[in-house]
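Observations on chain architecture
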Amino acid sequence: QAGGAAEGEGEADFNAKRRKKVAEIYQALNSDPTDVAALRRMAISEGGLLTDEIRQKVWPKLLNVNTSDPPPISGKDLRQVSKDYQQVLLDVRRSLRRFPPGEKQREGLQEELVDIILLILERNPQLHYYQGYHDIVVTFLLVVGEKLTTSLVEKLSTHHLRDFMDPTMDNTKHILNYLMPIIDQVNPELHDFMQSAEVGTIFALSWLITWFGHVLSDFRHVVRLYDFFLACHPLMPIYFAAVIVLYREQEVLDCDCDMASVHHLLSQIPQDLPYETLISRAGDLFVQFPPSELAREAAAQQQAEKTAASTFKDFELASAQQRPDMVLRQRFRGLLQPEDRTKDVLTKPRTNRFVKLAVMGLTVALGAAALAVVKSALEWAPKFQLQLFP
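Residues numbered from 1 in each chain as written. Predicted model: local features only at pLDDT ≥ 70, side-chain atom pairs only at ≥ 80, totals over all residues. Heavy atoms only, no water.

In the nomenclature of an unreviewed UniProt entry, the chain is known as TBC1 domain family member 20 of Ursus americanus. Check the Subcellular location (unreviewed entry) section of the UniProt entry for the chain; it says "Membrane". (UniProt positions renumbered as here; feature names shortened; annotations may be inferred.)

Quick word on the packing of helix H12 (residues 219-230) against helix H13 (residues 236-247)
Packing of H12 against H13 leaves a shortest axis separation of 9 Å and a crossing angle of 130°. The angle between H12 and H13 places the two elements in the oblique class. Only Met236, Pro237 and Phe240 of H13 make contact with H12, whose side of the interface consists of Leu225, Phe228 and Phe229. Of the residues contributing to the contact of H12 with H13, the split by class is six nonpolar, no polar and no charged. (Axes fitted to C-alpha atoms, helices over the stretch in contact; angles between N-to-C directions. Helix = DSSP H or I, 4+ residues; strand = E, 2+ residues; numbered from the N terminus. Parallel < 35°, antiparallel > 145°, perpendicular 65-115°, else oblique. Contact = heavy atoms within 4.5 Å. Nonpolar A, V, L, I, M, F, W, Y, C, P; charged D, E, K, R; others polar.)

What about the UniProt feature "transmembrane region" (unreviewed entry) in the chain?
Using the residue numbers shown here, the UniProt feature "transmembrane region" (unreviewed entry) corresponds to residues 228-247 and 357-378. For residues 228-247, the end-to-end C-alpha separation is 19 Å, with 75% helix and 0% strand making up the annotated structure.

A word on the packing of H12 against helix H16 (residues 275-288)
Taken N-terminus to C-terminus, the directions of H12 and H16 make an angle of 20°; their axes are 11 Å apart at the nearest point. Accordingly, the angle class assigned to the pair H12 and H16 is roughly parallel. H16 is crossed by H12, and the crossing has right-handed handedness. In this structure, H12 contributes His221, Arg224, Leu225 and Phe228 to the contact, and H16 contributes Tyr275, Glu276, Ile279, Ala282 and Gly283. Of the residues belonging to the contact of H12 with H16, the class tally is five nonpolar, two polar and two charged. (Left-handed = near helix turned anticlockwise from the far one by under 90°.)

Brief notes about the nonpolar core
Judged by nonpolar contacts, the single largest core of 110 residues is most densely connected at Trp59, Phe212, Ile238 and Phe240. With twelve residues, the single largest contributor to this core is helix H7 (residues 133-157). Each residue touching phenylalanine 240, except ones within four places of it in the same chain, is listed here: Phe212, Leu225, Phe228, Phe229, Tyr275, Leu278, Ile279 and Ala282. (Core = buried A, V, L, I, M, F, W, Y, C linked by side-chain atoms within 4.5 Å. Buried < 20%, exposed > 50% of the residue type's maximum accessible area, 1.4 Å probe, protein only.)

Notes on the side chain of glutamate 154
Positionally, glutamate 154 belongs in helix H7. Looking at glutamate 154, the relative accessible area reads 12%, which means it is buried. Those residues in contact with glutamate 154 that sit more than four places away from it in its chain are Pro72, Ile120, Arg123, Asn124 and Thr149.

Okay, here's the thing in structure tokens:
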């Protein structure tokens with residue numbers, strides 16, 4: 001009986017927290033102007049945006065898309081003139097598991113998906129279709145419907161996804177180059193093992209270019225990650241990829257140290273990952289080891305200047321104004337012994353083993369506080385109007 005009572009209390013507490021979060025999201029949505037910084041915090045923190053009904057309202061705000069503008073239409077028959085039509089059609093038809101089971105509904109959604117992709121490509125000739133793009137578009141289609149998907153994915157394609165849509169894979173490879181430096185900062189032993197195995201980073205390619213939509217079978221987990229990625233810097237998916245590898249440290253180290261064994265293990269992504277814990281860790285690592293610090297180790301500073309990830313000035317501007325990293329630094333120093341506090345433990349983590357160990361334990365110590373990557377702009381600069389994606 002006592003166990004049943006405790007379970008009931010836990011459920012009541014969970015429901016109360018959920019109701020409180022829903023109320024906070026709607027308060028941010030209804031404020032004038034919309035409190036986008038608060039919506040970002042909600043999307044990042046535990047549980048994300050909770051329901052598709054809320055996502056339909058919040059995702060456009062995170063991408064600064066005006067939902068009152070009608071989606072563009074094309075006067076051309078794009079299926080007749082698009083060079084990508086056949087490839088898009090093949091990819092869409094192959095991805096049956098991403099659609100609801102009803103045949104009629106699935107066929108209708110597939111037709112919509114093809115047309116949305118062709119329209120975005122026609123309107124943005126600088127963008128090049130890649131296999132896996134449809135996995136991102138279908139996620140939006142299933143959550144927000146055809147009209148909103150066109151507008152949201154067009155904005156996403158010219159910002160977060162832009163590097164994947166270049167004519168070559170150079171910038172995509174560059175982003176993958178961040179994976180090993182992140183792992184090295186946290187777990188040099190794992191990093192060195194993977195280097196010895198010469199596994200490279202290609203196992204994470206499909207994770208990155210589909211925002212994990214292609215590799216996760218549970219749609220709830222996919223949209224939870226999309227909440228997180230939409231609220232963050234374009235490089236956050238590679239940080240999330242790194243924490244998956246770090247989480248599987250023992251499995252990797254138990255492998256034979258050769259490319260085939262390690263690649264086979266890592267390319268099979270587990271479906272029962274502790275997503276909230278990993279999201280929290282990815283947020284922690286991003287603040288501790290920002291892309292600007294890792295760029296040298298990714299051996300691509302010149303190339304980095306050309307990528308969307310490093311020209312994402314909106315996020316840099318928000319960070320500069322709001323200093324979320326300072327909040328984390330102060331909390332870190334509160335965890336350290338007094339004699340350690342004078343060291344710059346964040347920029348020289350390898351000098352202090354405690355910090356390496358603390359990285360992965362921050363979720364317990366700091367909880368959602370570590371994920372307040374964007375604090376309210378008004379809190380830090382009352383006259384500063386946060387302009388996302390100008």
